[in-house]
Amino acid sequence: MAMSVTTNAFLRPLHQLQFPKYPRLSSKSHLRPRLLRSLNQRAIRAISEVATDSELYMQQDQAIEANIFSCPICYEPLIRKGPSGLNLSAIYRSGFMCKRCKKSYSSKDRYLDLTVTAGLRDYTEIQPARTELFRSPLVSFLYERGWRQNFRQSGFPGPDEEFKMAQEYFESAKGGLLVDVSCGSGLFSRKFAKSGIYSGVIALDFSENMLRQCYDFIKKDDTLSKTNIALVRADVSRLPFSSGSVDAVHAGAALHCWPSPSNAVAEITRILKSGGIFVGSTFLRYSSLTPWFVRPFRERTPQGYGYLTEEEIKDLCTSCGLTNYSSKIQQAFIMFKAQKP
Ligand SMILES: C[S@@+](CC[C@H](N)C(=O)[O-])C[C@H]1O[C@@H](n2cnc3c(N)ncnc32)[C@H](O)[C@@H]1O
């Protein structure tokens, strides 16, 4: 029989299932019978909706659990069905469903799509050029094959040194969950995962092609494919995590690519736990080498990318309630750190 004991658990009434994070739904629940009946009906309906999404549910090691991922529409934690664990194959073989709005999410092309538009048939969202550029297969392919190396000309110290700097900033987040927002092809996500310092690493980007590249890089590296790393497609302005659930957020060379840096920083602040750390790097609008008489023109010239000044970045972080801001600057490169109080 393909159905395992744990699979049969799906057929049990909801109040008999164990939801460690939702003690109200445990077998000792004091919920009234009518409410329980309605929850059971909803669960059965929801489970069958998820089940039709994929035949992958015939796995032996199925489990249902409240998850670290949340619905990008209502921020309710997603219920997961499938093998547990935060690694590529377990996530790929799992289906996710929002308890509240009943929308289901599953993996597509190797990454879990948690955008609001996931699964839509007709509507396609076109983002500003600075986001769309990185959705291109060519740019995604070239990114770690020459594109990023060019950043050195603007003062970026290079991946190894940037990783070291970020690790120093993340000192107090060790052992926690790290989300590498706008990870691109996973240059830093892979380093964070390899370090073994975090309980889990979520490599998150809006670009499908960047995530495919990321998957290929991980697959080529035997030491990585079994580690706690997950690939998620999401918009930085709508992060699929519950409020106060993440220990560290990294966003390398990304702020200038975001459609709304203020929405993004607000969203990052929302998902951070108290004491959680946000580390970002980007290009400054001008460097110390930019002549003073050129600077006012830079301020007013509409640019493809949204380059900010150091003061604007600090202002953004503090206006969202982040504290302990500090930064390191080299020409147009800035790496900054801020903490959720
Ligand atoms: C220059 S790359 C940075 C990649 C990598 N973090 C690094 O340090 O090299 C910027 C990334 O931001 C992503 N991005 C742009 N708009 C985004 C959005 N709205 N939500 C999430 N990621 C976005 C792009 O897809 C791209 O992969």
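Quick caveat, the model's predicted, so the values are computed rather than measured.

(A) Fine view of the nonpolar core. Within the largest apolar cluster, 81 residues are counted, with the highest numbers of intra-cluster contacts made by Leu231, Val232 and Val249. Residues from two domains meet in this core; each of domain 1 (5-26 + 33-108) and domain 2 (129-339) gives at least three.

(B) Structural view of helix α7 (residues 187-195). For α7, every residue scored as buried is listed here: Leu187, Phe188, Ser189, Arg190, Phe192 and Ala193. After α7 finishes, the residue Gly196 shows a positive phi value of roughly 70°.

(C) Representation of the site of the ligand within the structure. The ligand sits among 21 residues. The nearest are Thr131, Phe134, Ser182, Gly184 and Gly252. Residue composition of the shell around the ligand, by class: twelve nonpolar, six polar and three charged.

(D) Structural detail: unusual backbone geometry. Positive phi outside glycine occurs at Ser182, with the angle close to 55°. Secondary-structure assignment places Ser182 in the loop between β6 (177-181) and α7. The class of Ser182 is buried, set by 24 C-beta atoms lying within 10 Å. One non-glycine residue, Ala253, adopts positive backbone phi at about 45°. With respect to the element layout, Ala253 can be found in the loop between β9 (246-251) and α9 (261-271).

(E) The packing of helix α5 (residues 137-147) against helix α8 (residues 208-220), seen in detail. Running from N to C, α5 and α8 cross one another at 40°; their axes reach a closest spacing of 8 Å. With respect to each other, α5 and α8 are oriented oblique. Crossing of α5 over α8 shows right-handed handedness. Every residue of α8 that contacts α5 at Pro137, Ser140, Phe141 and Tyr143 is listed here: Asn209, Met210 and Gln213. Grouping the constituent residues of the contact of α5 with α8 by class yields four nonpolar, three polar and no charged.

(F) Representation of the pairing of strand β7 (residues 200-205) within the structure. Counting buried positions along β7 yields six of six residues, so the element is predominantly enclosed. Burial of the side chains of β7 extends over both faces: Gly200, Ile202 and Leu204 are buried on one face and Val201, Ala203 and Asp205 on the other. One ladder, built from five bridges, connects β6 with β7; its direction is parallel. Note that in β7 the partner of Asp180 across the bridge is Ala203. Handedness of the β-α-β unit built from β6, α7 and β7 comes out right-handed. Bridge count between β7 and strand β8 (residues 229-233): five bridges; the pairing is parallel.

How each quantity is defined
Residues numbered from 1 in each chain as written. Predicted model: local features only at pLDDT ≥ 70, side-chain atom pairs only at ≥ 80, totals over all residues. Core = buried A, V, L, I, M, F, W, Y, C linked by C-beta atoms within 7 Å. Buried ≥ 20, exposed ≤ 12 C-beta atoms within 10 Å, placed from the backbone. Domains from an automatic or database assignment. Helix = DSSP H or I, 4+ residues; strand = E, 2+ residues; numbered from the N terminus. Near = placed C-beta within 6 Å. Nonpolar A, V, L, I, M, F, W, Y, C, P; charged D, E, K, R; others polar. Axes fitted to C-alpha atoms, helices over the stretch in contact; angles between N-to-C directions. Parallel < 35°, antiparallel > 145°, perpendicular 65-115°, else oblique. Left-handed = near helix turned anticlockwise from the far one by under 90°. Contact = placed C-beta atoms within 7 Å. Pairing = 2+ DSSP bridges. Right-handed = clockwise from strand over helix to strand, strands pointing away.

Fair warning: the whole summary comes from geometry, so function is off the table for now.
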